[in-house]
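# Coordinate analysis (summary)
One-letter residues, chain by chain:
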Amino acid sequence: MHPTTIKTYAERAKLHPNPTARRLLEIMERKKSNLAVSVDVTTVKEVLDIVRSVGTKVCCVKTHCDIIQDFTLDFAKELVRLSQQMDFIIFEDRKFADIGNTVTLQYSAGLHRISSWADLTNAHPLPGPGIISGLSSVGQPLGRGLLLLAEMSSKDNLATGQYTTEAVQMARQAGRGFVVGFIAMNRVDIPSPVSKIQKVNGMVNGHGHGNASVNGNGNGYGGDKEMEDYLILTPGVQLSKGGDTLGQQYRTPHQVIFDSGCDVIIVGRGIYAVKGKEAEVAEEYRKAAWEAYERRLRC
Ligand code: S5P
């Protein structure tokens, strides 16, 4: 059993150093919801209609701001207002993938000014650690959080094996302040052998640093308070297994939360494409994912 999966979301919230991760975990516990809705629609009105109908059921609303044809910062302001009123966090699924200097600008400037309204965003680790440094220079002072894409849900994607391992390694190297977790299909953050040794002996490489971190920046396992805690958010979820015609692959909430030990399911078409019944269907997903979490805790 992974050390993180035996703790409640509330217990994890108390220990998390990042304000966005803490708020997300608190909301999950308060609303009994580990469901994120992905509102992949192309007008402001459609986005806000969906958010207003399912906002009370979810812990997180995920956006793709670059597909919204009439996006304005007033829309973003309204989304922030709803996030406070309906108690969810906003995750802009921007999937940054460029050098540090460019992503810094993409995150803070342009038409979308993502860092001004999105609590959480994500990035591909492909360009190397500079992407994290660039994004954190903007996001960390604002208390934002970043997820790295360690795995993907689409068929034959390249984010597997060594790439996934190195994505997790990169997050650990970056420290605990800004990188709060992963987009992944599994509990990818398995404790590294060094961390285990450190936990048992209280030292690394025989240097006897007690609770010091593995790499000197406070992100190793230095005892329970210092235990790393990554959030795993998982897309590719519907109530029954399957896929679409473009390589998306779906698993059920139970498979994702119970079998794979992930934290949050991300559901797009499973909710917003069921026109007129979005709230009812969202409730079904919320219930299924929450029951899977409760069952996991009892194991
Ligand atoms: O690997 C991934 C990563 C992401 S963030 N696979 C994904 O599907 N996503 C996103 O999750 C994708 O961009 C979309 O917004 C959502 C899944 O949508 P659905 O309609 O297939 O549920």
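Basis of the calculations
- Residues numbered from 1 in each chain as written.
- Predicted model: local features only at pLDDT ≥ 70, side-chain atom pairs only at ≥ 80, totals over all residues.
- Heavy atoms only, no water.
- Core = buried A, V, L, I, M, F, W, Y, C linked by side-chain atoms within 4.5 Å.
- Buried < 20%, exposed > 50% of the residue type's maximum accessible area, 1.4 Å probe, protein only.
- Contact = heavy atoms within 4.5 Å.
- Phe/Tyr/Trp six-rings, centres within 6.5 Å; stacked < 30°, edge-to-face > 60°.
- Helix = DSSP H or I, 4+ residues; strand = E, 2+ residues; numbered from the N terminus.
- Lys NZ or Arg CZ within 6 Å of the ring centre and 35° of its normal.
- Axes fitted to C-alpha atoms, helices over the stretch in contact; angles between N-to-C directions.
- Left-handed = near helix turned anticlockwise from the far one by under 90°.
- Nonpolar A, V, L, I, M, F, W, Y, C, P; charged D, E, K, R; others polar.
- Salt bridge = Lys/Arg side-chain N within 4 Å of Asp/Glu carboxyl O.

## Observations regarding the nonpolar core
- Leu135, Phe182, Leu233, Ile265 and Ile271 are the most contacted members of the largest nonpolar core, which has 83 residues in total.
- The contact partners of Phe182, leaving out residues within four places of it in the chain, are Leu147, Leu148, Ala150, Ala167, Val168, Ala171, Val188, Asp189, Tyr230, Leu231, Ile232 and Leu233.

## Looking at the packing of aromatic side chains
- Counted under the stated rule, the structure contains seven aromatic pairs.
- Judged by centre distance (5.8 Å) and plane angle (50°), the ring pair of Tyr9 and Trp290 falls under tilted. Taken together, the positions of Tyr9 in helix α1 (residues 9-15) and Trp290 in helix α11 (residues 278-298) put the pair 281 residues apart, joining distant regions of the chain.
- Residue classification places Tyr9 among the buried positions, given a relative accessible area of 0%.
- Relative to Tyr107, the ring of Phe96 has its centre 5.6 Å away and its plane inclined at 70°; by these criteria the two rings are edge-to-face. One end of the pair, Phe96, is in strand β3 (residues 89-96); the other, Tyr107, is in helix α5 (residues 100-108), with 11 residues separating them in the sequence. Here the two residues Phe96 and Tyr107 agree in accessibility, since each one is buried.
- Members of the aromatic cluster, joined through ring pairs, are Tyr9, Trp290 and Tyr293.
- In this arrangement the basic side chain of Arg295 is found over the ring face of Phe258, its NZ or CZ atom lying 5.0 Å from the centre.

## Observations concerning the packing of α5 against helix α6 (residues 130-139)
- At their nearest, the axes of α5 and α6 sit 8 Å apart, and the two run at 35° to each other. In terms of crossing hand, the pair formed by α5 and α6 is right-handed. Where α5 approaches α6, its residues Gly100, Val103, Thr104, Tyr107 and Ser108 are matched on the opposing element by Gly130, Ile131, Gly134, Leu135, Ser137, Val138 and Gly139.
- A per-class count over the contact of α5 with α6 returns five nonpolar, seven polar and no charged.

## Remarks on α6
- Taking burial as the measure, the 10 residues of α6 include seven buried ones, the bulk of the element.
- Turning to α6, its buried residues are Ile131, Ile132, Gly134, Leu135, Ser136, Val138 and Gly139.

## Remarks on the pattern of salt bridges
- By the definition in use, this model includes 19 salt bridges.
- With its nearest N and O atoms 3.7 Å apart, the salt bridge here joins Arg23 to Asp119. Pair noted here: Arg23 is in helix α2 (residues 19-31) and Asp119 is in the loop between α5 and β4 (120-123), with a separation of 96 residues, a long-range link.
- With a closest N to O distance of 3.1 Å, Asp263 and Arg187 form a salt bridge. Of the two residues, Asp263 is situated in the loop between α9 (253-259) and β10 (264-267) and Arg187 in the loop between β6 (179-183) and α8 (193-201); the sequence distance between them amounts to 76 residues.
- Assessed through its relative accessible area of 0%, Asp263 is described here as buried.

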